[in-house]
Amino acid sequence: MTSIIAFGHCACCNAPFGFHPDLVPSYDFGHGREPVCEPCMHVVNSRRVTQGLPPHLILSGAYEPASEVDYMHEMNRRYGAPEEGEAD
Ligand SMILES: [Zn+2]
């Protein structure tokens, strides 16, 4: 099975990392939503817990590849399936 993984730089620490494009936690620093790496999410969440706040949810599979079939199904659901012959 083919998998899809997105690569980008963490919005907090700028480290490059791979992630599931639909599940990764992200934050908008004013330039659109950008992904946040797992170590930074753990730092943020431990600070939140110390402050008595609930931790941000980290979805299962957020830092793992997406199955191509699941990913294309989700894209088609969101944006509509391509018309016949559109890819030609
Ligand atoms: Zn980071």
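Computed from a prediction, not measured in an experiment: that's the story for all the values here.

Conventions used here
Numbers given for residues are sequential positions, taken from 1 along each chain in its written order. For this predicted model, a pLDDT threshold of at least 70 governs which residues receive local features, and a threshold of 80 or more governs which side-chain atom pairs are given and counted, while totals over whole chains, interfaces and linings are taken from all residues. For the purposes of this entry, the term helix denotes a DSSP run of H or I that reaches at least four residues, the term strand denotes a run of E that reaches at least two, and both are numbered from the N terminus. For every residue, the other C-beta atoms within 10 Å of its own C-beta are counted; 20 or more classify it as buried, 12 or fewer as exposed, and values in between as partly exposed. C-beta atoms are placed from the backbone. Residue pairs are scored as contacts if the distance between their C-beta atoms, which are placed from the backbone, is within 7 Å. Along the chain, pLDDT gives the predictor's confidence residue by residue, from 0 to 100. Criterion used throughout: strands pair if DSSP finds at least two bridges between them. Multiply 1.5 Å by the residue count of a helix minus one, and that product is the helix's expected span.

### A closer look at the overall build of the chain
Of the regular secondary structure elements, the chain holds two helices and six strands. Going residue by residue from the N terminus, the α and β elements of the chain occur as β-β-β-β-β-α-β-α. Dimensions of the chain, computed from the C-alpha atoms along their principal axes, are close to 55 × 25 × 20 Å. Among the 88 residues that make up the chain, the fraction classed as buried is 11%. Within the chain, contacts between residues separated by at least 24 positions form 55% of all contacts whose residues are at least 6 apart in sequence.

### Details of the confidence of the model for the chain
Per-residue confidence for the chain averages 88 on the pLDDT scale, and 93% of its residues sit at or above 70. Per-element mean pLDDT across the chain ranges from 77 in helix H2 (residues 68-79) up to 97 in helix H1 (residues 38-50).

### Comments concerning the pairing of strand S3 (residues 16-19)
Note: strand S2 (residues 6-9) against S3, four bridges, orientation antiparallel. Across the sheet, residue Gly 8 finds its bridge partner in S3, namely Phe 17. Connecting S2 to the next strand, S3, in antiparallel fashion are six residues, including Asn 14 with a positive phi near 70°.

### Section: H2
The end-to-end C-alpha distance of H2 is 16 Å, a good match for the 16 Å that 12 residues give at a rise of 1.5 Å each. With its phi angle positive at about 90°, Gly 80 sits one or two positions after the end of H2.

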